[in-house]
Amino acid sequence: YYDEFKETNDEETRTYFHNCINYLMEDKVVEGDATYFTGDFDLVAYDEPVGWKCGLTNSRVILAMMAAHEESGDTTYLEVAHSVLFPFTIPITKGGLVIKLSDKSWWFCEYPKPNGDSPMVLNGKLSILIAMHKYYEYSNDELAMELYEKGLVALKDNLARFDDNGFSFYDLKNKSAGKSYHMIHISLLKQLYAFEPDPLFETYRVKWQNYATEQDW
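As the structure is a prediction and not an experimental result, all values here were calculated from the model.

Trainee: Hey, could you run me through the pattern of salt bridges in this one?
Mentor: It is possible for side chains of opposite charge to pair when their charged atoms get near one another. Summed over all chains, the structure comprises 10 salt bridges. Residue Arg14 pairs with Glu71 through a salt bridge whose shortest N-O separation is 2.8 Å. Taken together, the residues span a long stretch of sequence, with Arg14 in helix H2 (residues 11-27) and Glu71 in helix H3 (residues 55-72) at a distance of 57 residues. Glu202 is the partner of Arg205 in a salt bridge, and the nearest nitrogen-oxygen pair spans 2.9 Å. In this pair, Arg205 and Glu202 both sit in helix H8 (residues 199-214), 3 residues apart, roughly one turn of the helix. A residue is classified by how much of its surface remains accessible, and Arg205, at 18% relative accessible area, is buried. On the basis of relative accessibility, which here comes to 23%, the residue Glu202 falls in the partly exposed class.

What follows is the structure, encoded as structure tokens:
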């Protein structure tokens, strides 16, 4: 709603935006310095009961809090955004949202499983990195850049593993992306490459786009 409000200055749209922000402020789950937003339904695909955490949701909330601060000037929203970012420092085995592959290579999890057997989901990872970069550009929160850089290393180290002869995998359990998520992967790589022009990202974007073109998608 916020982008629409900026374009139209419509007060009803502004009200819808505030209603969404107020809901998020009330719905958050705080664990020490970390804030989460949990699923209110069973995640059947990954055998997770109600209350599962989601890195992609946290990244979306960071952007929402950024928008709320831009609209209102209230620094409370940036404080919440920082606390929503913090779970990306906590290993999944301790209830957080990250697999620490090495000191400098961190994979942020869309669907963290506390037992450590988390699927490494590509669209979630890409979306989280893009959100972290946007948030850093807006707020200069140093934690966001530190996490972004470690996450970028993990992406570069593992991106080739998502390639299935021109098609893409949804996760590293070899689940097929299908048409919709394959196209999402292409779009997200394009977005990432716009501010992180590493040839690796363009190589796979082009390869996967060529496959989609061959399929007439």
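Trainee: Help me out: how do you make sense of the pairing of strand S3 (residues 98-102) in this one?
Mentor: Successive residues of a regular strand alternate their side chains across the two faces of the sheet. Pairing of S3 with strand S4 (residues 105-108), which is carried by 4 bridges, proceeds in the antiparallel orientation. The residue of S4 that forms the bridge with Ile99 is Trp107. Two successive antiparallel strands, S3 and S4, enclose a turn made up of 2 residues.

Trainee: Teacher, can you tell me more about the packing of aromatic side chains here?
Mentor: Note on aromatic pairs: each is described by the distance of the centres and the angle between the planes. Across all of its chains, the model carries 13 aromatic pairs by this definition. Relative to Trp52, the ring of Phe41 has its centre 5.3 Å away and its plane inclined at 80°; by these criteria the two rings are edge-to-face. With Phe41 in the loop between strand S2 (34-36) and H3 and Trp52 in the loop between S2 and H3, this pair connects stretches of sequence that are 11 residues apart. Taking the relative accessible area as the measure of exposure, Phe41 reaches 44% and is therefore partly exposed. Given the relative accessible area of 10%, Trp52 is considered buried. Following the ring pairs from residue to residue traces out a cluster consisting of Phe41, Tyr46, Trp52 and Tyr111. A cation over an aromatic ring shows up here: Lys53 above the ring of Tyr36, its NZ or CZ 3.9 Å from the ring centre. Taking NZ or CZ as reference, Lys175 lies 4.7 Å from the ring centre of Tyr170, over its face.

Trainee: What am I meant to see in the nonpolar core here?
Mentor: Most often, soluble globular proteins keep nonpolar side chains buried together rather than apart. Grouped together as the largest cluster of nonpolar side chains are 59 residues, with contacts concentrated most on Leu85, Phe88 and Phe108. Setting aside its immediate chain neighbours within four residues, Leu85 contacts Ile62, Met132, Tyr135, Asp141, Leu143, Ala144 and Leu147.

Trainee: How should I be thinking about a negative patch on the surface in this particular structure?
Mentor: A contiguous patch of negative charge, built from Asp3, Glu4, Glu7, Asp10 and Glu12, is present on the exposed surface. If one sorts the elements of the negative patch by residue count, helix H1 (residues 2-8) sits on top with 3 residues. The residue Asp3 is located in helix H1 in this model. Asp3 sits in the exposed class, given a relative accessible area of 52%.

Quick notes on the rules
- Residues numbered from 1 in each chain as written.
- Predicted model: local features only at pLDDT ≥ 70, side-chain atom pairs only at ≥ 80, totals over all residues.
- Heavy atoms only, no water.
- Salt bridge = Lys/Arg side-chain N within 4 Å of Asp/Glu carboxyl O.
- Helix = DSSP H or I, 4+ residues; strand = E, 2+ residues; numbered from the N terminus.
- Buried < 20%, exposed > 50% of the residue type's maximum accessible area, 1.4 Å probe, protein only.
- Pairing = 2+ DSSP bridges.
- Phe/Tyr/Trp six-rings, centres within 6.5 Å; stacked < 30°, edge-to-face > 60°.
- Lys NZ or Arg CZ within 6 Å of the ring centre and 35° of its normal.
- Core = buried A, V, L, I, M, F, W, Y, C linked by side-chain atoms within 4.5 Å.
- Contact = heavy atoms within 4.5 Å.
- Patch = residues over 30% accessible without salt bridge, like charges linked within 9 Å, V, L, I, M, F, W, Y side chains within 5 Å.
- Areas by Shrake-Rupley, 256 points an atom, 1.4 Å probe, with all protein chains shown as cover.
- Lys, Arg positive; Asp, Glu negative; His and termini not counted.
- Charge placed at Lys NZ, Arg CZ, Asp CG, Glu CD.

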